[in-house]
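Results of the structural survey
Spelled out, the chains give:
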Amino acid sequence: EPEVTQTPSHQVTQMGQEVILRCVPISNHLYFYWYRQILGQKVEFLVSFYNNEISEKSEIFDDQFSVERPDGSNFTLKIRSTKLEDSAMYFCASSEPGRYGYTFGSGTRLTVV
Amino acid sequence: AQSVSQHNHHVILSEAASLELGCNYSYGGTVNLFWYVQYPGQHLQLLLKYFSGDPLVKGIKGFEAEFIKSKFSFNLRKPSVQWSDTAEYFCAVTSDYKLSFGAGTTVTVRA
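Residues numbered from 1 in each chain as written. Chains lettered and ligands numbered in written order. Predicted model: local features only at pLDDT ≥ 70, side-chain atom pairs only at ≥ 80, totals over all residues. Heavy atoms only, no water.

**Here we look at the layout of surface pockets**
Formally: With a 1 Å grid laid over protein atoms only, a set of points is called a cavity when a 1.4 Å probe fits there but cannot get out and a pocket when it is open yet has protein on both sides within 12 Å along at least five of seven lines; lining residues have an atom within 4 Å of a point. Grid points are joined across faces, edges and corners, and a volume is the space filled by probe spheres set on the points. Under the grouping applied here, Gly and all other residues not named as nonpolar or charged are polar, the nonpolar ones being Ala, Val, Leu, Ile, Met, Phe, Trp, Tyr, Cys and Pro and the charged ones Asp, Glu, Lys and Arg.
Roughly 590 Å³ of internal volume is contained in the largest pocket. Around the largest pocket, the lining is made up of 29 residues, and of these Q37, L39 and R109 of chain A together with Q38 and E88 of chain B lie nearest the centre. Residues belonging to the lining of the largest pocket are distributed by class as follows: 12 nonpolar, 15 polar and two charged.

**Description of the state of the cysteines**
Residue and element names in this part refer to chain B. Applied cut-off: Throughout, a disulfide means two cysteine sulfur atoms within 2.5 Å of one another. In this description a helix means any DSSP run of H or I spanning at least four residues, a strand means any run of E spanning at least two, and both kinds are numbered starting from the N terminus. Burial classes follow relative accessibility: with a 1.4 Å probe on protein chains only, a residue under 20% of its type's maximum area counts as buried, one over 50% as exposed, and anything between as partly exposed.
Counting across every chain of the model gives two disulfides over all chains. Covalently, C23 is tied to C91 through a disulfide, its sulfur atoms 1.9 Å apart. Between C23 and C91 the sulfur-sulfur dihedral comes to about -65 degrees; the bridge is accordingly left-handed. Remark: C91 occurs in strand β10 (residues 87-95) and C23 occurs in strand β4 (residues 23-26); sequence separation between them is 68 residues. Here C23 matches C91 in class, with each residue buried.

**Here we look at the pairing of strand β7 (residues 65-68) of chain A**
All names here are of chain A. So the rule is basically this: The pairing criterion is simple: DSSP has to find at least two bridges between the two strands.
Alignment of β7 against strand β8 (residues 75-79), held across four bridges, turns out to be antiparallel. Its bridge partner lying in β8, V67 is registered against L77. Hairpin geometry of β7 and β8 is characterised by an intervening segment of six residues between the two adjacent antiparallel strands.

And the structure:
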């Protein structure tokens, strides 16, 4: 069964550093998403991406965040200057044309120290 | 903006007991509804989904959910739980471009 692949599975970074979280969506999916889950809290929507541009973003997704699809397969989330409160599990997801059938990756646990 | 409410934060029950987790949403338009499960240390997995048709949806691992449009509800059920059902369960609703998740319900099944 096709999977959404995320790397790395765990990243530790120092406050103020830039991090890039990587995702390989399912190949025929056209919509891509980032979500995050802070420990003990609910899963929160960050951003959706379609046709090489952001289609919607939440208030969490401020100027410190950016997304990119640098080639035909990868979908990245960049945090420019990490803060302690960015520590969370970040999930990438993709969906089929018509936006049904979301598939989530296994997540990247980001720890900011 | 749409929101998703899950009634129970933590449910503890014994093996073979029946499980029902409540989920309500607030959105007046056409919605698609999902239940996801997250086992300890693992990623989110889709249990079941409702798009249209029969409001009683059957998913994996013996779970089912019923969509009641008049009540804006999509409750998850399992007639007889197992210890391996210990996990966190998330209800989610989609419209437009995104999913909105409930806060999750932690289910602990005692052997």
